[in-house]
Amino acid sequence: MSLEFTFTFPLPNGLHARPASLLRDEAVRFSCATVLHNGRNGLHANVKSLLSLVSADFRLGDPARLTMEGADEGLALPALEAFLRDEFPGCDSPLPEVAATRGVGFVPRLIAASGAAFYRGRPVSPGFAVGAVVVADMPGLPEGCPGLATDAVAEGVALEAAIAAVTGELHASMTSAKNTVEREVLKAHLAVAKDPEFAGKARDRIFKEGRSAAAAVQEIAQVYSEILRASESVYLRERVLDIKDVAGRLLRQLSGEPIVAGLTLEAPAVVMATLLTPSEFLALDRRFLRGLVLSEGGTTSHTVILARAFGIPCVSGVKELHGVLKPGITVLVDARRGLVIPEPPATVRRYYDLDERRYAERAGRVAGFAAKTGATADGRRIEIAANVSSAAEAEAAFGKGAEGIGLFRTEMLFMDRPAAPSEEEQVAEYRRAVTVAGSRPVIIRSLDIGGDKPLPYLNLPKEDNPFLGCRAVRFYGAHKPMIKTQFRAILRAATDGNVKLMVPMIGHVDEVRVVKALMEEARAELVAEQLAFNPDVALGVMLEVPSAAFAIPELAREVSFFSIGTNDLAQYFFAMDRGNPAVADGMDPLNSSFLRLLKKITDDAHAAGRPVGLCGEIAGRPDLAPLLVGLGLDELSMAAPLMSGMKAAIHGLKASDCDRIVAQSLLKPDAAEVRALLRETAATVSGDMLHPELIMLESEAASRGEVIKELTDRLWLAGRVGDADVVEEALWRREDTYSTGMGFGVAVPHCKSPEVIVNSVAVLKMKTPIVWNPSDSAPVGLVILLAMRDINGADTHMAVFSKLARKLMHEEFRDRLRDESDVKALTVFIRESLNV
């Protein structure tokens, strides 16, 4: 005769593996047979079998009955009854949140468990690299440069000769440079070397204070560096390195050393430095340069910009590495997560080999979309254009599939130089971009200066709040000659192609009329001078100021097109400084009030018969593609490397679905619900829970960590998860509490995560079985991963898990999984078996 105990099943997430394993552990202490009966579905489970327990598909509120029969049933009953009453209800406590670990500084579990030391920094040029450490010393005053002059005239001559030599070297380097960014940086340095004020102040030090030429250069460079360091502009603060770079060239010339001093690289290397000047970077042998680790240097320093341009992974802000990274030791640089790992063990190297493989595969998948036009699956056309800062960048963008230039930022022509560029210089630059574009549109933005982009030679007055002051169009009236010169250059360059002029920071109609008056003056002057120009250049405005969004009908009577600059529009709409990390997170573009503003703009523009594009940062986000399509935008303009990915995302959408998503989003109370709606839509659009792409045969994974990595990478490549690192960590957190080895050489890792977009089943079969967990009975050769969306009240996770567990108890099911070598046939078999 058996004993029994009845209760109501108490766990909100069902009888999944973690509480089941704890119940099993209690039961195995007794020899009696113990069975758990489910009154809802009639299933029963051997409590000493994990598979049997999860197969019974218990859910919250199910009537449950525990029976015990055997010699020690009298001892088992009170013990198990007490466990189920006092401890079992707490066995389903949620796993710790993963969100705090995502992104920058995230350390994957396999790396953390490897025992390797790691250091965190800021990823500023993406990628990963392995090489021997080469330490770059800080540039200083070369030996042999005295402080005082014995012959002022001779020192003055030496200064002029040094300036001439450095200027000539920079000119020669610019001529031979094949990279656009390299040319732009050298151009900025040439402007510093030729700066008359810099040279004039140095001469004053020589002739009025008796300083040597070297001391004068060093001291004036220090003066300018201190001025720039005190600036509120991050961009200007990071120009200090450029001053030091040119000063270093001059000092080396004065001391008789080579103008450009470079480190010698003879094998794959990672260069570590407190600061690395652009010329030092350019002097490095890039055949061997694999990565950079900098103690200082932000995202806009020219060294970092060059690193990005040449595809050199770089992590900055790693201050504790001096004395740790000894010359010659091997170091791994993870410039996606911001990690630096000295002497990485083999397990870490293998992890990053897998990481690089997934990025390479993703790049290969989207590359095929470069030559396609931007359009949805049901034919709605959306032009995909590029944001550029130079003609050379425009050339590169067209090579990557740009259908036009949606934003040609002209301020780079005006910055890092002692005076504004001439009309002829501007004509040449614009014409070069227009010529390569052919019939494709080139939208040139007129000068956008102010805020965080001042021009020192304009002597603009200091403002307490420059972002709300005389920036962009607001200072045109006070600097008419310079602006009119730019308009003349654009009109002249437009004779060779499809050019449009776009004006930034327009807040109301009167500002447009000021611009149109200047345009008319420019046309009249060109007619009088008999210079060829295109009088019909279309005029448009950037919508960055909220007041303009409510004046679309009036503006449309003055201009031909609109482009939304969401970076600044969000900043002014939310009244939050996007450069202030304390508040910047509040500017969520998915906030429904901001989406309503964007929808109003597109609707009003189309009602007035005007096209509207978007050139802000969100234009290049594939995850927001349904919203961008549904808003009705005619054009999206973004950084050139993002275009293929955006085309791929749009090609997979139906415009009718996107319209519905936007209509629903406008009714949501907050960004979180809009984000949830996007995930819900992605789950619906993406199809079945199991796809042949999610089945991997003959994996060479050598550990549980590599298996989890390969499977989450596969989900990421299939677009089924957002942040693969978060999903990987969610799987590990379950592994922390119990092994997901289910016996019979099978493991079923599983998780629920907000980063799962589509409920998914993924399968991996290994060439060589591995030890999944030391406590498991047999090596694992077959792994079935369940990744489910984290939705309140959803029991899909447990329904699939329990069904799979029941199937795995049958030998013929396991054998078919192991023996089937055809991916499609295996997919069909699993779908039919699990009904997924």
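Structure report, in brief. (Residues numbered from 1 in each chain as written. Predicted model: local features only at pLDDT ≥ 70, side-chain atom pairs only at ≥ 80, totals over all residues. Heavy atoms only, no water.)

**Topic: the side chain of Arg720**
Looking at the element boundaries, Arg720 is found in the loop between helix H27 (704-717) and helix H28 (724-737). Side chain to side chain, Arg720 and Ser760 meet in a polar contact 3.0 Å long. (Helix = DSSP H or I, 4+ residues; strand = E, 2+ residues; numbered from the N terminus. Polar contact = N/O pair within 3.5 Å; in protein donor to acceptor, adjacent residues only side chain to side chain.)

**A closer look at the sheet that holds strand E10 (residues 314-316)**
One open sheet holds the eight strands; their spatial order is E5-E12-E11-E7-E8-E9-E10-E6, and the pairing between them is mixed. Whereas interior strands pair on both sides, the edge strands pair on one side only; in this sheet they are strand E5 (119-120) and strand E6 (122-125). Relative to strand E9 (residues 289-294), strand E8 (residues 269-273) is paired through five bridges, and the arrangement is parallel. Looking across to E9, one finds that Ala273 is bridged to Leu294. (Pairing = 2+ DSSP bridges.)

**Here we look at the sheet that holds strand E16 (residues 498-503)**
Read around the closed barrel, the eight strands follow the order E13-E14-E15-E16-E17-E18-E19-E20; overall the barrel is parallel. Sheet twist, expressed as the average angle between the axes of neighbouring strands with direction ignored, equals 25°. Strand direction decides the pairing type here: strand E18 (residues 561-564) and strand E19 (residues 612-614), joined by three bridges, are parallel. Note that in E19 the partner of Ser563 across the bridge is Gly613. Where helix H16 (residues 423-437) meets the sheet, it contacts strand E14 (405-409), strand E15 (441-445) and E16, and its direction lies at approximately 155° from that of E15. Of the strands in this sheet, strand E17 (538-543), E18 and E19 are in contact with helix H22 (residues 592-607), which crosses E19 at around 150°. (Axes fitted to C-alpha atoms, helices over the stretch in contact; angles between N-to-C directions. Contact = heavy atoms within 4.5 Å.)

**Here's the deal with the packing of helix H30 (residues 811-819) against helix H31 (residues 823-834)**
It is the contact of H30 with H31, at a shortest axis distance of 10 Å, that shows an interaxial angle of 155°. Classified by the interaxial angle, the pair formed by H30 and H31 is roughly antiparallel. H31 is crossed by H30, and the crossing has left-handed handedness. Along its contact with H30, which presents Phe813, Arg816 and Leu817, the element H31 presents Ala825, Leu826, Phe829, Ile830 and Ser833. Looking at the contact of H30 with H31, its residues break down into six nonpolar, one polar and one charged. (Parallel < 35°, antiparallel > 145°, perpendicular 65-115°, else oblique. Left-handed = near helix turned anticlockwise from the far one by under 90°. Nonpolar A, V, L, I, M, F, W, Y, C, P; charged D, E, K, R; others polar.)

**Thoughts on the nonpolar core**
Membership of the largest hydrophobic core comes to 103 residues, with the highest contact counts inside it found for Phe562 and Leu636. Sequence-distant contacts of Leu636, that is, excluding residues within four places in its chain, are made with Ile382, Glu383, Ile384, Ala385, Leu614, Ala619, Leu628, Met646 and Ile650. Ala45, Leu711, Val800 and Phe801 belong to the second-largest nonpolar core, a separate cluster that totals 78 residues. (Core = buried A, V, L, I, M, F, W, Y, C linked by side-chain atoms within 4.5 Å. Buried < 20%, exposed > 50% of the residue type's maximum accessible area, 1.4 Å probe, protein only.)

**Looking at the pattern of salt bridges**
Tallying each qualifying case throughout the model produces 53 salt bridges. A salt bridge links Arg337 to Asp334; its shortest N-O distance comes to 2.9 Å. Judged by its relative accessible area of 4%, Arg337 is buried. For Glu729, the salt bridge is made with Arg733, and the minimal N-O distance between the two is 3.1 Å. Of the two residues, Glu729 and Arg733 both sit in helix H28, four residues apart, roughly one turn of that helix. Of the two residues, Glu729 and Arg733, both sit in the buried class. What emerges from the salt-bridge pattern is a single network uniting Glu423, Glu424, Lys484, Arg488, Arg492, Glu521, Glu525 and Glu529. (Salt bridge = Lys/Arg side-chain N within 4 Å of Asp/Glu carboxyl O.)

**Comments concerning H28**
An ideal rise of 1.5 Å per residue puts 20 Å on 14 residues; H28 measures up with 21 Å between its terminal C-alpha atoms. Of all the 14 residues making up H28, twelve are buried; the element is thus mostly covered by neighbouring parts of the structure. Taken together, the buried positions of H28 are Ala724, Asp725, Val726, Val727, Glu728, Glu729, Ala730, Leu731, Trp732, Arg733, Arg734 and Glu735. Its side-chain oxygen at 2.9 Å from the backbone nitrogen of Asp725, Asp723 defines the N-terminal cap of H28. (Expected span 1.5 Å × (residues − 1).)

**Examining the packing of aromatic side chains**
If you walk through the whole model with that rule in mind, you get 13 aromatic pairs. For the ring pair Phe9 and Phe58, a centre distance of 5.2 Å and an interplane angle of 25° mean the geometry is stacked. With Phe9 in the loop between strand E1 (3-8) and helix H1 (17-27) and Phe58 in the loop between helix H2 (50-55) and strand E4 (63-69), this pair connects stretches of sequence that are 49 residues apart. In this pair, the class of Phe9 matches that of Phe58, namely buried. Taken together, a centroid distance of 5.4 Å and an interplanar angle of 35° make the contact between Phe813 and Phe829 tilted. Taken together, the residues Phe813 in helix H30 and Phe829 in helix H31 connect sequence positions 16 residues apart. By relative accessible area, Phe813 is classed as buried at 6%. The class for Phe829 is buried, based on a relative accessible area of 15%. By way of ring pairs, the aromatic residues Phe9, Phe58, Phe83 and Phe88 are connected into one cluster. Its guanidinium or amino end placed over the ring of Trp716, Arg358 lies 4.6 Å from that ring's centre, counting from NZ or CZ. (Phe/Tyr/Trp six-rings, centres within 6.5 Å; stacked < 30°, edge-to-face > 60°. Lys NZ or Arg CZ within 6 Å of the ring centre and 35° of its normal.)

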